[in-house]
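One letter stands for each residue in the lines below.
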Amino acid sequence: MPTVDDILEQVGEFGWFQKQVFLTLCLLSAAFAPLYVGIIFLAFTPDHRCLSPGVAELSRRCGWSLAEELNYTAPGPGAAGEASPHRCRRYEVDWNQSALSCADPLAGLAANRSHLPLGPCRHGWVYETPGSSIVTEFNLVCDDSWKVDLFQSCVNVGFFLGSLSVGYIADRFGRKLCLLATTLTSAVLGVLMAVAPDYTSLVLFRLLQGLVSKGSWMSGYTLITEFMGLGHRRTVAILYQAAFTVGLVLLSGVAYAIPHWRWLQLAISLPIFLFLFYYWCVPESPRWLLSQKRNAQVMKIMGHIARKNGKLPLVDLKMLSLEEDVTEKLSPSFADLFRTPQLRKHTFILMYLWFTSSVLYQGLIMHVGATGANLYLDFLYSALVEFPAAFIILVTAERCGLIRPLALSNLVAGAACLAMVFISHDLHWLNITVACVGRMGITIVFQIVCLVNAELYPTFIRNLGVMVCSSLCDLGGIVTPFLVFRLMEVWRGSPLILFAILGLVAGGVTLLLPETKGVTLPETIEDAENLGRIAKPKENTIYLQIQTTEHAGT
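Cut-offs applied
- Residues numbered from 1 in each chain as written.
- Predicted model: local features only at pLDDT ≥ 70, side-chain atom pairs only at ≥ 80, totals over all residues.
- Heavy atoms only, no water.
- UniProt positions renumbered as here; feature names shortened; annotations may be inferred.
- Patch = residues over 30% accessible without salt bridge, like charges linked within 9 Å, V, L, I, M, F, W, Y side chains within 5 Å.
- Areas by Shrake-Rupley, 256 points an atom, 1.4 Å probe, with all protein chains shown as cover.
- Salt bridge = Lys/Arg side-chain N within 4 Å of Asp/Glu carboxyl O.
- Helix = DSSP H or I, 4+ residues; strand = E, 2+ residues; numbered from the N terminus.
- Buried < 20%, exposed > 50% of the residue type's maximum accessible area, 1.4 Å probe, protein only.
- Contact = heavy atoms within 4.5 Å.
- Axes fitted to C-alpha atoms, helices over the stretch in contact; angles between N-to-C directions.
- Parallel < 35°, antiparallel > 145°, perpendicular 65-115°, else oblique.
- Left-handed = near helix turned anticlockwise from the far one by under 90°.
- Nonpolar A, V, L, I, M, F, W, Y, C, P; charged D, E, K, R; others polar.
- pLDDT = per-residue confidence, 0-100.

- The name given to the chain in an unreviewed UniProt entry is Solute carrier family 22 member 1, with the source organism recorded as Lynx canadensis.
- As its UniProt record puts it under Sequence similarities (unreviewed entry), the chain is described as follows: "Belongs to the major facilitator (TC 2.A.1) superfamily. Organic cation transporter (TC 2.A.1.19) family."

Examining a nonpolar patch on the surface
Piece 1. Residues Val246, Leu250, Leu377, Tyr381, Leu384 and Phe387 make up a contiguous nonpolar surface patch of about 530 Å² in total accessible area.
Piece 2. Secondary structure elements with two or more residues in the nonpolar patch: α11 (233-257) and α17 (375-384).
Piece 3. Residue contributions to the nonpolar patch peak at three residues, all from α17.
Piece 4. Relative to the assigned elements, Leu384 resides in helix α17.

Details of the pattern of salt bridges
Piece 1. Under the definition given, this model contains four salt bridges.
Piece 2. Glu137 serves as the salt-bridge partner of Arg262, at 2.5 Å between the closest nitrogen and oxygen. Taken together, the residues span a long stretch of sequence, with Arg262 in helix α12 (residues 261-269) and Glu137 in helix α7 (residues 134-138) at a distance of 125 residues.
Piece 3. Here Arg262 falls in the partly exposed class, since its relative accessible area comes to 21%.
Piece 4. Taking the shortest distance from any N to any O, the salt bridge between Lys214 and Asp474 comes out at 2.9 Å. Residue Lys214 is located in helix α10 (residues 199-227), and its partner Asp474 is located in helix α21 (residues 459-490); the two are separated by 260 residues in the primary sequence.

Some details on the side chain of Asp474
Piece 1. Judged by relative accessible area, which is 2%, Asp474 ranks as buried.
Piece 2. For Asp474, the residues in contact, after removing those within four places along its chain, are Asn156, Phe159, Phe160, Ser163 and Lys214.

Quick word on the packing of α10 against α11
Piece 1. The contact between α10 and α11 brings their axes to 9 Å, and the two run at 155°. Considered as vectors, α10 and α11 are oriented roughly antiparallel to each other. The handedness of the crossing between α10 and α11 is right-handed. Taken together, the residues of α11 that come into contact with α10 (itself represented by Trp217, Gly220, Tyr221, Ile224 and Thr225) are Arg233, Val236, Ala237, Tyr240 and Gln241.
Piece 2. A breakdown of the residues in the contact of α10 with α11 according to their chemical character gives six nonpolar, three polar and one charged.

Section: the packing of α11 against α17
Piece 1. At a minimum axis distance of 9 Å, the contact between α11 and α17 shows a crossing angle of 170°. By the angle between their directions, the pair α11 and α17 is classed as roughly antiparallel. Contacts between α11 and α17 pair Thr245, Leu248, Val249, Leu251, Ser252, Ala255 and Tyr256 from the former with Tyr376, Phe379, Leu380, Ala383 and Leu384 from the latter.
Piece 2. In terms of residue class, the contact of α11 with α17 is built from ten nonpolar, two polar and no charged.

Notes on the confidence of the model for the chain
Piece 1. A residue-level look at the chain finds 85% of positions with pLDDT of 70 or above and a mean pLDDT of 79.
Piece 2. α12 holds the highest mean pLDDT among the elements of the chain, 94, whereas strand β6 (residues 544-548) holds the lowest, 45.
Piece 3. Below a pLDDT of 50 lies the segment residues 319-328, which in the model reaches 24 contacts outside its immediate sequence neighbourhood of four places, other chains included.
Piece 4. Considering only residues more than four positions removed or in separate chains, one finds that residues 534-554, a stretch of pLDDT under 50, has 54 contacts.

As structure tokens, this is what we get:
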């Protein structure tokens with residue numbers, strides 16, 4: 001008797017219905033990009049200096065250029081490794097006194113400028129930017145610069161906490177309900193961020209948005225995976241992640257056109273409300289409905305898919321219950337992720353892979369640092385680098401499966417980090433080249449591990465499994481800045497050695513996972529337990545009996 005994937009073969013594995021759902025949900029993936037990395041533009045820190053009352057008037061009276069004004073009135077650069085004094089300190093001088101000359105206003109106050117007292121920027125700062133950011137509006141510089149880090153950490157904390165709750169909601173109440181609820185909440189919180197009156201409320205809204213926004217993206221990912229037939233499942237999942245890269249590219253253009261952070265925040269938040277139309281465009285996952293024994297709805301959805309794809313309509317569709325001793329609905333539980341030996345092994349390995357991919361991806365970016373001067377072009381170029389990763393996966397997945405490319409990409413990323421330890425800092429071009437190789441490898445890991453994660457768990461805990469394991473990615477994002485900057489205080493190569501160890505170990509443990517190429521998505525815990533083993537008669541599979549209309553005369 002046919003399984004769910006067998007039924008999809010008859011009603012259409014990738015027909016008009018699946019293509020419409022796929023393209024529709026890809027918009028959701030692209031819209032998630034600004035939520036994840038929008039801080040680069042929302043909280044950029046421009047060049048700045050202390051605001052000193054009287055300096056602007058003196059500069060106008062003397063006809064100074066900006067360079068002359070800074071030379072005459074601002075402290076010079078500090079020692080290496082220290083914040084520049086002209087950014088966070090000012091001369092304790094009354095610039096309104098008439099005795100100051102235009103040639104060298106400080107000459108009459110002290111023979112040497114170093115003897116003049118310095119004080120904090122009591123009157124604020126002057127920012128050299130035509131737009132605005134969270135930094136410029138709330139003065140998050142100098143002693144308060146850590147608040148920018150806190151702002152970004154809050155969204156990762158939200159991702160982490162949301163992974164433990166939203167995944168359960170999606171498996172307990174359905175993918176569609178979870179997607180709509182998290183989308184609406186994320187859009188509302190995005191608008192509230194744009195009108196936040198102070199830093200405290202801004203951070204609170206950012207934290208709450210993190211709690212729900214990742215759940216929205218992951219619910220869309222799970223829906224796409226479960227609507228597609230076996231032959232197209234991986235391709236559309238990879239392209240769904242590539243749509244995130246499209247969002248990155250579009251974000252650079254939108255941010256360039258809208259340099260003011262509040263308007264930019266509105267521009268990336270308001271379109272999210274349009275995704276509420278998914279209520280009419282995207283049905284619930286038939287696989288999830290089957291696991292909840294909601295047979296009548298599955299009949300309706302399968303018939304709808306058949307009609308959309310131009311296939312023979314389903315006249316009769318009878319579904320047998322799961323042939324298990326327990327007759328009630330299957331409710332997801334955190335303990336299910338560790339219930340059997342194979343699921344336990346898969347869960348621990350996937351958690352490690354998610355954590356490692358986050359640490360290496362963000363750590364490499366932090367260690368190499370920004371090399372250009374144009375914020376928008378640098379962001380655009382770094383986003384374009386991610387497209388080849390999707391192409392490589394599409395080329396290799398059907399030929400080699402996912403496990404071997406995943407292991408190899410981890411090994412490449414780890415080896416690149418190890419090689420950078422032995423490359424002289426004077427060979428800047430070589431360091432950048434090897435770092436890009438490492439980043440390409442870890443980008444491939446990021447995309448593959450999400451797909452592998454979804455394919456190793458049975459239907460009723462699939463979303464929960466993906467959300468719980470991927471929460472280690474968020475934990476990695478929280479600790480990576482501390483790992484990088486604390487270890488660099490000991491030795492500049494210390495973080496690279498740690499990254500190399502993490503990547504090489506990840507490449508090894510990946511080979512302990514079963515290959516899922518050509519394997520039907522597991523419906524039960526027993527199916528998941530038997531992945532990678534010799535096929536046995538399936539006793540706990542969801543079966544469907546179908547009768548289709550036949551052409552007259554056949």
